[in-house]
Amino acid sequence: VFYTGIWAGVCLNFRYAGQVLPNRQDILAEGGKIFMDKDTSDNQTGVYQKLLGEHCVSETAEWLKPYVTLDTMIAATVTHECFHPAGRTKESDETIGGAMKLLEEAKATMGGLWVQYKAGGPEERIAMVARTVARFCRFFHYTTFNNPTAAPYARENMVAYNLMHEAGVVKLTDSGFVVDKKLAASDAWFDKIEDFTEDVILAYKHHDKNKIEALAKRYCSKEGFVLSAIDWVNRK
């Protein structure tokens with residue numbers, strides 16, 4: 001048993017790198033804290049670099065690995081957790097109910113990436129691409145993809161892959177994932193991230209449960225190029 005679970009007060013199904021505390025919107029409206037576990041981020045750095053090597057073509061893997069560092073991992077966790085309360089109120093949580101779980105992790109990650117994009121430059125954009133590619137490889141593996149506890153994160157990464165693929169940033173070849181160097185440093189992916197994040201937040205604002213479900217159906221379907229990516233990560 002690792003101390004993270006005890007400190008964070010959550011289940012021990014997997015190890016958290018960060019957590020908004022308390023995870024209740026009525027209290028967070030007044031204030032809260034973000035629990036961070038540096039050790040988890042440090043451990044994941046090597047794991048994510050390994051995933052890039054296993055599932056990307058060699059040129060892409062060697063290019064992206066140096067961008068996956070403890071600092072970039074922590075930055076991603078901080079912005080993700082800070083973005084969880086964005087666009088939410090006690091009333092929106094109550095009205096949307098269980099449907100909020102469909103895209104909340106995706107909203108937090110995409111919103112956090114958008115904030116980093118606005119604050120950074122081309123090098124930071126490549127770092128965000130590198131971590132995201134490794135992350136969807138992690139959550140597309142069946143040991144994680146089929147874990148009910150990890151389902152919100154699996155959907156998060158289906159959204160991420162959908163947006164990256166639509167922007168032309170990443171594609172799957174017979175030898176693995178390839179990242180377009182020019183597009184990775186461009187606005188292409190981040191413009192799509194902004195549109196997705198805005199759609200989710202507006203659905204929260206208008207208490208539109210149907211919109212959330214429609215967005216989830218669009219971005220989280222296990223078919224087409226998403227299914228091909230999942231099959232590749234789980235190839236024998």
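Residues numbered from 1 in each chain as written. Predicted model: local features only at pLDDT ≥ 70, side-chain atom pairs only at ≥ 80, totals over all residues. Heavy atoms only, no water.

A. How the structure looks around helix H5 (residues 70–83). Compared with an ideal rise of 1.5 Å per residue, which puts 14 residues at 20 Å, H5 spans 20 Å between its outermost C-alpha atoms and is within 8% of the ideal. Residues Met73, Ala76, Thr77, Thr79, His80, Glu81 and Phe83 constitute the buried set of H5. (Helix = DSSP H or I, 4+ residues; strand = E, 2+ residues; numbered from the N terminus. Expected span 1.5 Å × (residues − 1). Buried < 20%, exposed > 50% of the residue type's maximum accessible area, 1.4 Å probe, protein only.)

B. Seen up close, the nonpolar core. Within the largest apolar cluster, 59 residues are counted, with the highest numbers of intra-cluster contacts made by Leu103, Phe177 and Trp189. If one sorts the elements of this core by residue count, helix H8 (residues 122–140) sits on top with ten residues. Beyond its immediate stretch of four places on either side in the chain, Leu103 contacts Val159, Phe196, Val200, Ile212, Leu215, Ala216 and Cys220. (Core = buried A, V, L, I, M, F, W, Y, C linked by side-chain atoms within 4.5 Å. Contact = heavy atoms within 4.5 Å.)

C. Highlighting the pairing of strand E3 (residues 170–173). In this structure, E3 lies alongside strand E4 (residues 176–179), joined through four bridges in antiparallel fashion. Bridge pairing links Lys171 to Val178 in E4. (Pairing = 2+ DSSP bridges.)

D. Just the packing of helix H3 (residues 38–55) against H8, in detail. Relative orientation of the contacting elements H3 and H8 amounts to 80°, with a least axis distance of 9 Å. Here H8 runs roughly perpendicular to H3, going by the angle between their axes. Facing Gln44, Tyr48, Leu51, Leu52 and His55 of H3, the residues of H8 in contact are Ala130, Arg131, Val133, Ala134, Arg135, Cys137 and Arg138. The residue inventory of the contact of H3 with H8, partitioned by class, reads seven nonpolar, two polar and three charged. (Axes fitted to C-alpha atoms, helices over the stretch in contact; angles between N-to-C directions. Parallel < 35°, antiparallel > 145°, perpendicular 65-115°, else oblique. Nonpolar A, V, L, I, M, F, W, Y, C, P; charged D, E, K, R; others polar.)

E. Looking closely at helix H10 (residues 151–167). The end-to-end C-alpha separation of H10 is 24 Å, in line with the 24 Å expected for 17 residues at 1.5 Å each. Along H10, 14 of the 17 residues are buried, which leaves the element largely enclosed by surrounding structure. Gly168 occupies a position one or two residues after H10 and carries a positive phi of about 80°.

F. The arrangement of the environment of Ile212 in detail. Mapped onto the elements, Ile212 comes out in helix H13 (residues 209–219). By relative accessible area, Ile212 is classed as buried at 0%. Taking the C-alpha atoms as reference points, Ile212 and Ala167, separated by 45 residues in sequence, lie 22 Å from one another. Residues in contact with Ile212, not counting those within four places in the same chain, are Ala99, Leu102, Leu103, Val200, Ala203 and Tyr204.

G. Representation of the side chain of Asn234 in the model. Looking at where Asn234 falls in the secondary structure, it is placed in the segment after helix H14 (224–233). Beyond its immediate stretch of four places on either side in the chain, Asn234 contacts Phe140, His141 and Tyr142.

H. Quick peek at the pattern of salt bridges. All chains considered together, the criterion is met by eight salt bridges. For Arg88, the salt bridge is made with Asp93, and the minimal N-O distance between the two is 2.8 Å. Notably, a salt bridge pairs Glu156 with Arg135, separated by 2.7 Å at the nearest N-O pair. Taken together, the residues span a long stretch of sequence, with Glu156 in helix H10 and Arg135 in helix H8 at a distance of 21 residues. Like Glu156, the residue Arg135 is buried in the burial classification. The network of salt bridges with common partners includes Arg88, Asp93, Glu104 and Lys107. (Salt bridge = Lys/Arg side-chain N within 4 Å of Asp/Glu carboxyl O.)

In short, the description is geometric, and any link to function would need to be established separately.
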